[in-house]
Amino acid sequence: MTVFRLIGRLALYYVIVGITIAIVLNLFPAWADYLPVGRVQSLIAHTGGPLDPTHGAAQFAQVNSLGKSMIWLVGALLGALLTTLPVAWVYIAVRNPEQYDQSLISTIIVLPVVVAAIVVIVQNSLALSFSLAGIAGVARYRNSMKSSGDLMFVLLAIGVGLASGIGAVELALLTSLIFNMIFVLLWWTEFGEHAKMQRYLRDFDPDDEASTAAREAAAIATAAAATGAAAVTVANNVSEKKP
């Protein structure tokens, strides 16, 4: 997949998601009052001191029934899933195939949904937060990352889940977009590439690398042939000098 096809696919995806959200809000304008968006404004406006558990509660004041709560919850979980799908596409496209980890794809897709659900459970309960910490201590994440780049994808998945769980899907969406564009540009420009490096991203121009390898092999073969010819010449000279 070329970089232009990947960028076009990402742009089309984000445009479709944006148009779909606009259509839904146009058909159901009342849903705008209890969708998991807008919390980032209260987070930015809050300055100094620890966050108040009731801070931003006005946003959820109209989520006062089971039906509205289900719409908010489905919106948060679905927003986490839709936000992380293009991240998985970017990982598949740019990752070095020799170190490609298929299990990480599942982690990138599922982890934000799980984190968002956990945040909804514990965000207003200190006791549940400590219980979660204890559970996480028992069931630790034991899979070692093959690269710090893989860890970046996992951290993004966690961030998307956190943002969706607190009702800031717009923050998750924007973070996903910027993250994807940065990795695509790093892949496209082959930033930091040098000879004999340990490659994390897929080679953007494999034909150039193949031609370079072919030239090196040809040079080695030429040098070997010249060395062999010189050895034969020396051997002939020695044999002629013998009586």
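In this numbering scheme, every chain counts its residues from 1 along its sequence in written order. For this predicted model, a pLDDT threshold of at least 70 governs which residues receive local features, and a threshold of 80 or more governs which side-chain atom pairs are given and counted, while totals over whole chains, interfaces and linings are taken from all residues. Hydrogens and water are ignored here; the side-chain numbers use all heavy atoms of the structure.

### A few points about the overall build of the protein
Reasoning step 1: Within the protein, the secondary structure is distributed over eight helices and zero strands.
Reasoning step 2: Numbering of helices and strands starts at the N terminus; helices are DSSP runs of H or I of at least 4 residues and strands are runs of E of at least 2. The N-to-C order of helical and strand elements in the protein reads α-α-α-α-α-α-α-α.
Reasoning step 3: Put simply, the protein shows about 15100 Å² of open surface, and 70% of that area lies on carbon and sulfur atoms. A 1.4 Å probe and the Shrake-Rupley method give the accessible areas. Residues count as covered only by the protein chains that appear here.

### Thoughts on a nonpolar patch on the surface
Reasoning step 1: Patches were defined on residues exceeding 30% relative accessible area and lacking a salt bridge, with like-charge contacts within 9 Å and nonpolar side-chain contacts (Val, Leu, Ile, Met, Phe, Trp, Tyr) within 5 Å. The rule for a salt bridge is simple: a side-chain nitrogen of Lys or Arg has to be within 4 Å of a carboxyl oxygen of Asp or Glu. On the surface, a nonpolar cluster with roughly 570 Å² of combined accessible area is contributed by L174, L177, I178, I182, L186 and F191.
Reasoning step 2: Relative to the helices and strands, F191 is located in the loop between helix 7 (169-189) and helix 8 (206-241).
Reasoning step 3: By relative accessible area, F191 is classed as exposed at 70%. Note on exposure labels: buried denotes an accessible area under 20% of the residue type's maximum, exposed denotes more than 50%, and partly exposed covers the range between, all computed with a 1.4 Å probe on protein chains only.

### So, the packing of aromatic side chains
Reasoning step 1: Here a Phe, Tyr or Trp ring, Trp counted by its six-membered ring, pairs with any other such ring whose centre lies within 6.5 Å, and the pair is stacked when the planes are under 30 degrees apart, edge-to-face when over 60, and tilted otherwise. This model, assessed by the stated rule, comprises seven aromatic pairs.
Reasoning step 2: Ring centres 5.0 Å apart and planes at 80 degrees place the aromatic pair Y13 and W89 in the edge-to-face group. With Y13 in helix 1 (residues 3-27) and W89 in helix 3 (residues 66-94), this pair connects stretches of sequence that are 76 residues apart.
Reasoning step 3: Looking at W89, the relative accessible area reads 22%, which means it is partly exposed.
Reasoning step 4: Each ring, one from F153 and one from F179, has its centre 5.1 Å from the other, and the planes form 85 degrees; the classification is edge-to-face.

### Some details on the layout of surface pockets
Reasoning step 1: A cavity here means a set of points on a 1 Å grid, drawn over the protein atoms and nothing else, where a 1.4 Å probe fits but cannot get out; a pocket is an open set with protein on both sides within 12 Å along at least five of seven lines, and a residue lines either one if it has an atom within 4 Å of a point. Grid points are joined across faces, edges and corners, and a volume is the space filled by probe spheres set on the points. In this structure, the largest pocket occupies an estimated 570 Å³ of space.
Reasoning step 2: If you go around the largest pocket, you meet 21 residues; those closest to its centre are I21, L35, G75, L78 and G79.
Reasoning step 3: Element by element, the count of residues in the lining of the largest pocket is highest for helix 3, at eight residues.
Reasoning step 4: For this classification, Asp, Glu, Lys and Arg are treated as charged, while Ala, Val, Leu, Ile, Met, Phe, Trp, Tyr, Cys and Pro are nonpolar and the rest, including Gly, are polar. Counted by class, the lining of the largest pocket contains 16 nonpolar, four polar and one charged residues.

### Remarks on the pattern of salt bridges
Reasoning step 1: Counted under the stated rule, the structure contains one salt bridge.
Reasoning step 2: In this structure, the salt-bridge partner of D150 is R95, at a minimum N-O distance of 3.1 Å. With a gap of 55 residues between them, D150 in helix 6 (residues 148-165) and R95 in the loop between helix 3 and helix 4 (102-122) connect regions that are remote in the sequence.

### As for helix 1
Reasoning step 1: The span expected for a helix works out to 1.5 Å for each residue beyond the first. Along its 25 residues, helix 1 runs 36 Å from first to last C-alpha, staying within 8% of the 36 Å computed at 1.5 Å per residue.
Reasoning step 2: For helix 1, every residue scored as buried is listed here: V3, L6, L10, Y13, Y14 and V17.
Reasoning step 3: Buried residues along helix 1 sit against helix 3 and helix 7. Residue contacts are counted whenever heavy atoms from the two residues lie within 4.5 Å of one another.

### Examining the environment of F153
Reasoning step 1: By secondary structure assignment, the location of F153 is in helix 6.
Reasoning step 2: Taking the relative accessible area as the measure of exposure, F153 reaches 0% and is therefore buried.
Reasoning step 3: If sequence neighbours within four positions are ignored, F153 has contacts with V87, Y91, I108, F179, F183 and Y200.

### Focus: helix 7
Reasoning step 1: Across its 21 residues, helix 7 extends 30 Å between first and last C-alpha, which sits within 8% of the 30 Å expected from 1.5 Å per residue.
Reasoning step 2: Of all the positions in helix 7, only V169, A172, S176, F179, N180, F183, V184 and W187 are classed as buried. Seen end-on, helix 7 carries its buried residues on one side only, within an arc spanning 130 degrees.
Reasoning step 3: Among the structural elements, helix 1, helix 3 and helix 6 are those in contact with the buried residues of helix 7.
Reasoning step 4: Following helix 7 by one or two positions, E190 has its phi on the positive side, about 50 degrees. The reported arc concerns the directions from the helix axis to the C-beta atoms and nothing else.

### Details of the side chain of S164
Reasoning step 1: If you trace the backbone, S164 turns up in helix 6.
Reasoning step 2: Residue classification places S164 among the buried residues on the basis of a relative accessible area of 0%.
Reasoning step 3: N or O atoms closer than or at 3.5 Å make up a polar contact, with two conditions inside protein: a donor-capable atom paired with an acceptor-capable one, and, for residues adjacent in sequence, both atoms drawn from side chains. A distance of 2.9 Å separates a polar atom in the side chain of S164 from the backbone oxygen of V160.
Reasoning step 4: Setting aside anything within four residues of it in sequence, one finds S164 in contact with P36, W72, A76, G79, A80, A116, V169 and A172.

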